[in-house]
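Notes for the structure review
If you want the building blocks of each chain, they are given just below.
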Amino acid sequence: MKKLLLSVTAMLAISASAKAGVWETTCANCHGRVAPSKTQILEKFATPEDLVKRARELVNAGVMPKGLQFGLAAKELYGRMPKMKGVHMPPKTDKYTRFFEVLPSTPPIPADNPMTVAKVKLGKMLYFDPRLSRSNLISCNTCHNLSIGGDDNQKTSIGDKWQKGPRNAPTVFNAAFLKVQFWDGRAATLEEQAKGPLTAHVEMNATPEMVVKKLKAIPEYREMFKKAFPGEVDPITFDNVAKAIAAYERTLITPNSPFDRYLSGDKKALSRVQIEGMKLFVDKGCVSCHRGPVLSDGLFHKFKINDDKGRYKVTKKKEDMYKFRTPQLRMVSQTAPYFHDGSAKTLEEAIDVMAKKMLNVKLTRSEIYRIRKFLDSLTGQVPMEAVVLPVLDDSSR
Ligand code: HEC
Ligand code: HEC
Ligand code: HEC
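Residues numbered from 1 in each chain as written. Chains lettered and ligands numbered in written order. Predicted model: local features only at pLDDT ≥ 70, side-chain atom pairs only at ≥ 80, totals over all residues.

Regarding the overall build of the protein chain
Filter applied, for reference: A helix here means a DSSP run of H or I that spans at least four residues, while a strand means a run of E at least two residues long, and both kinds are numbered starting from the N terminus. Only C-alpha atoms enter the radius of gyration, while the globule expectation follows 2.2 Å times N to the 0.38, with N the number of residues. With C-beta atoms placed from the backbone, a residue is buried if 20 or more other C-beta atoms are within 10 Å of its own, exposed if 12 or fewer are, and partly exposed between those counts. In this description, any two residues whose backbone-derived C-beta atoms lie within 7 Å of each other are considered to be in contact.
Assigned secondary structure in the protein chain consists of 17 helices and 2 strands. Computed over the C-alpha atoms, the radius of gyration of the protein chain is 22 Å, within 12% of the 21 Å expected from 2.2 N^0.38 for a compact globule of 397 residues. Within the protein chain, buried positions represent 38% of all 397 residues. Across the protein chain, the fraction of contacts at a sequence separation of at least 24, relative to all contacts at a separation of at least 6, is 68%.

Structure below.
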């Protein structure tokens, strides 16, 4: 019965999300914000062919990102597919693939924090800068190390004065696609999220005033903040620190995983075992919570494995007792150990526990193996730009 209910809610959510087209989910992240709106585009281009032609020129000129589905967007805007070479319909989804989505090339970008080159560059510096912590030792990258999957591979994180925090660090890669941040969803946005670790005692243990004072003393940062927040009289603020870090985090996307290639029509991108694993993942019911582009429904589910009360701590509502937000599974094979307390040492163990506790199902070893192989196929490419460390001016250490 429990399983049936879950799959009904899954269906509802899926039919709702299927309605949002390419324009809404991808193009509108920039268009209507930093680029011409839908109305302006329709006024300027008479046919879908005109639109795609111009769009391709802009991709070649580096103005728009590669890999966008212009043909489909044009179809949504003009009611027909453009008649030209290289514009193809997306591969048809089947019984299994309809639960998933290719990772979009850009995450949603909030209207009040547009991405600019200057802001992303500043955000990257801040992300790697240990001076933002009280001890001058800990940066975001300490616990979300971009070379090892965007986390720290510790059971629970170690922060200021070598204190052990209560929870496991999730990856920052693709976090920009999550509907809420943290295991208990206590931050709605990346902007809000970034302020947490900077001031948490067991993490970086700074104060907003301390961060601002340190940054103001560094000439290079004074220049960078001016460029990133043009027109602001006093651009070095705690809010702007969070905004710049969030803008940088929105570039930490890992496209082109074998699974994305498979979803885009390359049927050879997954091995036979991985395809079997995908089918098990759907048939056993994992997709009722792990679905969509990052394999998270963004909702809270009961998972009691210790006395961490999870979502309850945020809402104080009885029904939220021991509930945690479904984590994303992109990059999951690189982020052991698992669960909010890091109690599952291996991915196999995590899959086994999930089946038992969430679905009341006992998987065989071979089923676990297949699902694991499927989860491996979710690992995409880390953007090279992300893992090259910036050089920090050390005059104020
Ligand atoms: C990451 C941001 C971004 C995304 C996503 C994006 N665009 Fe753009 N687009 C731009 C920018 C920036 C311009 C150039 C605006 C300018 O010239 O002022 C542009 C320009 C265009 C133009 C030419 C507009 C003109 O007035 O000449 C077309 C057509 C267009 N985009 C179509 C699309 C479609 C269709 C999609 C979705 C499949 C899309 N874009 C997704 C950023 C984006
Ligand atoms: C001391 C280790 C540590 C440091 C330093 C740290 N984090 Fe975290 N981060 C964590 C832990 C642990 C969690 C999970 C906490 C929770 O959910 O209660 C987390 C959660 C997150 C999340 C939410 C991801 C998700 O799946 O919900 C993001 C995004 C994030 N951190 C980004 C950052 C940024 C940006 C910085 C630097 C300003 C930073 N972190 C500094 C340990 C750390
Ligand atoms: C009822 C919703 C639900 C179902 C069904 C479900 N999960 Fe989960 N999954 C969650 C939640 C919530 C968590 C976070 C648990 C925690 O608090 O540590 C999670 C965590 C995980 C993790 C650990 C991720 C990490 O980064 O620590 C893996 C792996 C995972 N699930 C795989 C699966 C697999 C495989 C199945 C099917 C056998 C499945 N899940 C079924 C909701 C679900």
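A look at the site of ligand 1
Formally: Being near a molecule or strand means, for a residue, that its backbone-placed C-beta atom lies within 6 Å of it. For this scheme, ten residues count as nonpolar: Ala, Val, Leu, Ile, Met, Phe, Trp, Tyr, Cys and Pro. Four count as charged, namely Asp, Glu, Lys and Arg, and the remainder, Gly too, count as polar.
Neighbouring ligand 1 are 23 residues, the closest being Cys 27, Cys 30, Ala 35, Leu 68 and Ala 73. Going through the elements one at a time, α3 (38-44), α4 (48-60) and α5 (70-78) are the ones with two or more residues in the shell around ligand 1. The element that contributes the greatest number of residues to the shell around ligand 1 is α4, accounting for 4 residues. Here the shell around ligand 1 is built from residues that sort into 16 nonpolar, 5 polar and 2 charged.

What to know about α4
Cut-off, in case you're wondering: Helix span, as expected, comes to 1.5 Å for every residue beyond the first. Regarding the arc, it is the one traced by the directions from the helix axis to the C-beta atoms.
Between the first and last C-alpha of α4 there are 18 Å, a value that for 13 residues agrees with the 18 Å anticipated at 1.5 Å per step. Buried within α4 are the following residues: Pro 48, Leu 51, Val 52 and Ala 55. Buried residues in α4, looked at end-on, bunch into an arc of 90°, giving them a common side. Turned more than 90 degrees off the buried face of α4, the exposed positions are Glu 57 and Asn 60. Where α4 is buried, its residues contact α3 and α5. Where α4 terminates, the next one or two residues include Gly 62, which has phi positive at roughly 80°.

Describing the site of ligand 3
Near ligand 3, the surroundings consist of 26 residues, among which Cys 286, Cys 289, Phe 324, Tyr 338 and Phe 339 are the closest. A total of 7 residues in the shell around ligand 3 trace back to one element, the largest contributor, which is helix α15 (residues 347-359). Each residue belonging to the shell around ligand 3 can be placed in one class, and the counts come to 18 nonpolar, 7 polar and 1 charged.

Points about the domain arrangement of the protein chain
The cut-off we apply is this: Residue ranges labeled as domains rest on an automatic or database domain assignment.
Domain boundaries assigned for the protein chain yield domain 1 (16-90), domain 2 (117-253) and domain 3 (258-376). The centre of domain 1, based on its C-alpha atoms, is set 34 Å off from the matching centre of domain 2.

Re the nonpolar core
Put simply, the test is: The term nonpolar core refers to a group of buried residues, namely Ala, Val, Leu, Ile, Met, Phe, Trp, Tyr and Cys, whose C-beta atoms join them within 7 Å.
Counting 69 residues, the largest nonpolar core has Leu 126, Phe 225, Ala 244, Ile 245, Phe 281, Ala 350 and Leu 375 as its most contacted members. When residues in this core are grouped by element, the largest group, 7 residues, is from helix α11 (residues 238-249). When near neighbours in sequence (up to four residues on either side) are disregarded, Ile 245 contacts Gly 123, Leu 126, Tyr 127, Cys 140 and Ala 194. Of all hydrophobic cores here, the second largest spans 11 residues; its members include Ile 41, Leu 51, Ala 73 and Ala 74.

A look at the confidence of the model for the protein chain
The following threshold applies: Here pLDDT means the predictor's own confidence in every residue, given as a number from 0 to 100.
Per-residue confidence for the protein chain averages 89 on the pLDDT scale, and 93% of its residues sit at or above 70. The element-level mean pLDDT for the protein chain is lowest in helix α1 (residues 2-19), coming to 41, with helix α16 (residues 365-376) highest at 98. Low pLDDT, under 50, characterises residues 1-18; the predicted model gives this stretch 13 contacts beyond four residues in sequence or across chains.

A few points about the environment of Phe 281
Looking at the secondary structure, you find Phe 281 in helix α13 (residues 272-283). A tally of 24 C-beta atoms within 10 Å means that Phe 281 is categorised as buried. The sequence separation of Phe 281 and Ala 355 amounts to 74 residues, and the corresponding C-alpha distance is 10.0 Å. Not counting the four nearest positions on each side in its chain, Phe 281 is found in contact with Cys 286, Val 287, Ile 371 and Phe 374.

Observations regarding helix α8 (residues 190-199)
Taken together, the buried positions of α8 are Leu 190, Glu 191, Gln 193, Ala 194, Pro 197 and Leu 198. Along the axis of α8, the buried positions cluster into a sector of 160°, meaning they face one direction only. Packing partners of the buried residues in α8 comprise α7 (140-143), α9 (208-216) and α11.

Considering unusual backbone geometry
With an omega of -10°, the peptide bond between Ala 336 and Pro 337 qualifies as cis. Residue position: Pro 337 is located in the loop between β2 (323-325) and α15. Notably, Asn 153 is not glycine yet its phi reads approximately 55°, a positive angle. Position of Asn 153 among the secondary structure elements: in the loop between α7 and α8. Positive phi, normally seen in glycine, also occurs at Lys 316, with a value near 60°. Tracing the backbone shows Lys 316 in the loop between α14 (312-315) and β2.

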